[in-house]
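Each chain, written out:
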Amino acid sequence: MTTQRDRNIRLAQAVLDWNRKHLRHDSLLTEALVEECFGSSFVVEPNGRHYRADPALYLEFLNGMKSTMAGIEYQVLNTVADDEGVVLDMAVQIERLNGERESFVAMLLMRFDESGRLSLWKEVYLPGPK
């Protein structure tokens, strides 16, 4: 029997896979694609900032962010999950079109709504070792 905790871990892994596939300069993102992972209304909290978003707003943000990205990779170091959500301790690497690489260490809390879509993306990240 799959528990809520197991479901949350599976959903979090699917979001990271979605990012790997779509956060690239050459991917064509649509609102429908954003809705595969993100709810109709959700909260994004990067490094202490707070934004209410919806798929249309987030699509605009993602298109700007990915415009110079060749790809993104996550190395999940630790996973803590319960019925409420998932916390991932990660090393993140972004490769840019010009060949530069950016490394981050990140702690990401994800929560999901009843339909399995993200309702909260709360991330603290710092530049990682070069």
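These figures come from a predicted structure and were not determined experimentally. (Residues numbered from 1 in each chain as written. Predicted model: local features only at pLDDT ≥ 70, side-chain atom pairs only at ≥ 80, totals over all residues. Heavy atoms only, no water.)

## Points about the pattern of salt bridges
All chains considered together, the criterion is met by seven salt bridges. Between Arg96 and Glu102 there is a salt bridge, with its nearest N and O atoms 2.5 Å apart. The exposure class assigned to Arg96 is buried, which follows from its relative accessible area of 17%. The structure contains a network of salt bridges with shared partners spanning Asp17, Arg20 and Glu73. (Salt bridge = Lys/Arg side-chain N within 4 Å of Asp/Glu carboxyl O. Buried < 20%, exposed > 50% of the residue type's maximum accessible area, 1.4 Å probe, protein only.)

## Examining helix α3 (residues 55-66)
Its twelve residues place the ends of α3 16 Å apart at the C-alpha level, agreeing with the 16 Å of an ideal helix rising 1.5 Å per residue. Turning to α3, its buried residues number three or more, namely Pro55, Tyr58, Leu59, Leu62 and Lys66. Angularly, the buried residues of α3 cover 105° about the axis, an arc narrow enough to put them on a single face. For α3, the N-terminal capping position is held by Asp54, with its side-chain oxygen 3.0 Å away from the main-chain nitrogen of Ala56. (Helix = DSSP H or I, 4+ residues; strand = E, 2+ residues; numbered from the N terminus. Expected span 1.5 Å × (residues − 1). Arc of directions from axis to C-beta. Polar contact = N/O pair within 3.5 Å; in protein donor to acceptor, adjacent residues only side chain to side chain.)

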